[in-house]
Amino acid sequence: MAWSLGAGLDGRVVLVTGAAGGIGREVVAGLVAAGAQVVAVDLHRPALDAALDAPELATARRIAADLADIGAHAQLIAAAQESGPLYGLVHCAAVLRRRAQVADITEDDWDAQVDVNLKGTFFLCRAAADAMRTAGHGGRVVTFSSQGWWTGGYGGSVVYATTKGGVVSMTRGLARAYGPDGITVNAVAPGQARTSMLLDDLDERVLATMTEQTPLGRIAEPAEVAAAAVFLVSSHASFITGTTLNVSGGFLMY
Ligand SMILES: NC(=O)c1ccc[n+]([C@@H]2O[C@H](COP(=O)([O-])OP(=O)(O)OC[C@H]3O[C@@H](n4cnc5c(N)ncnc54)[C@H](O)[C@@H]3O)[C@@H](O)[C@H]2O)c1
């Protein structure tokens, strides 16, 4: 084994969703630096181009897709495989709709978050893992949970937290299903990271309280969370599956 962070990633095709987002962008940067062939996915091409507008990220292919459209997943996997057999999926895409009062949550709020965070995650992970299984060379699936899977969510995020709890269970179940094919399935559970998902519409007092309760005394930079995903895709994580990796600065300890 080569002792570099990106061990095992040179030339591997890895699909990264939510790649125009704060953490997804840094996952793309980490994987490109490790030598992977990255296929970056997000809702809109202009946002992808803006997020990945750096000379060192020019090799990352960009595909616009709405992951709530389950019927389009097969086409997305096929498009990714134009770069070669799929080895990895790092699935960062998610939505959070904050509602201060539980009474204010609408059915549309529920559906919007469940469709992307839970339903979309299941069908995309399955499509990706099935492609890896067919290719026959093992693989890596990394999902994204949240500390909300454990706390139930702060700042009006109970539906989001519910989906992220589901992601933990799903990750464990898929790890059992795909382990015999040499495909690992793990989740990253970030604490507070400096992205628009965290900071948009969040009451400053809630953020201050969470930061006070974090032993490292600050929120994470997106790259500090992305590093955990790059690790889980690398060969250094070859015997880790079904885990939920807590990247919270000690906000929670498990
Ligand atoms: N930032 C945090 O503090 C934090 C904390 C816990 C968990 N997370 C999780 O980390 C992951 C990355 O979050 P982030 O902070 O980078 O968020 P972000 O909002 O910056 O990025 C999310 C990206 O997902 C994309 N996306 C949303 N719906 C999509 C769809 N239907 N199809 C395709 N793309 C879609 C968005 O366009 C966006 O670019 C998410 O799963 C999030 O739940 C983040």
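Relevant structure appears above.
Because the structure is predicted, anything quoted here is derived from the model rather than measured. (Residues numbered from 1 in each chain as written. Predicted model: local features only at pLDDT ≥ 70, side-chain atom pairs only at ≥ 80, totals over all residues. Heavy atoms only, no water.)

**Student:** Before we move on, could you go through the pairing of strand β5 (residues 139–144) and cite the residues and values that matter?
**Tutor:** Taking burial as the measure, the six residues of β5 include six buried ones, the bulk of the element. Going residue by residue along β5, you find Gly139, Val141 and Thr143 tucked away on one face and Arg140, Val142 and Phe144 tucked away on the opposite face as well. By the bridge criterion, four bridges tie strand β4 (residues 86–91) to β5 in an arrangement that is parallel. What sits directly across from Val90, in β5, is Val142. A crossover connection joins β4 to the parallel β5 through helix α4 (residues 107–135); in handedness this β-α-β unit is right-handed. Inspection of the sheet shows β5 paired to strand β6 (residues 183–190) by six bridges, in the parallel sense. Each bridged residue has a counterpart across the sheet, and for Val141 the counterpart in β6 is Val185. (Buried < 20%, exposed > 50% of the residue type's maximum accessible area, 1.4 Å probe, protein only. Helix = DSSP H or I, 4+ residues; strand = E, 2+ residues; numbered from the N terminus. Pairing = 2+ DSSP bridges. Right-handed = clockwise from strand over helix to strand, strands pointing away.)

**Student:** Pulling in residues and values, what's your account of the packing of helix α3 (residues 73–80) against α4?
**Tutor:** Between α3 and α4, the least distance of the axes is 10 Å, while the angle of their chain directions is 40 degrees. With respect to their mutual orientation, α3 and α4 come out oblique. Crossing angle aside, the handedness with which α3 passes α4 is right-handed. Of the residues in α4, those in contact with His73, Leu76 and Ile77 of α3 are Gly120, Phe123, Leu124, Ala127, Ala128 and Ala131. Looking at the contact of α3 with α4 residue by residue, the classes come out as seven nonpolar, two polar and no charged. (Axes fitted to C-alpha atoms, helices over the stretch in contact; angles between N-to-C directions. Parallel < 35°, antiparallel > 145°, perpendicular 65-115°, else oblique. Left-handed = near helix turned anticlockwise from the far one by under 90°. Contact = heavy atoms within 4.5 Å. Nonpolar A, V, L, I, M, F, W, Y, C, P; charged D, E, K, R; others polar.)

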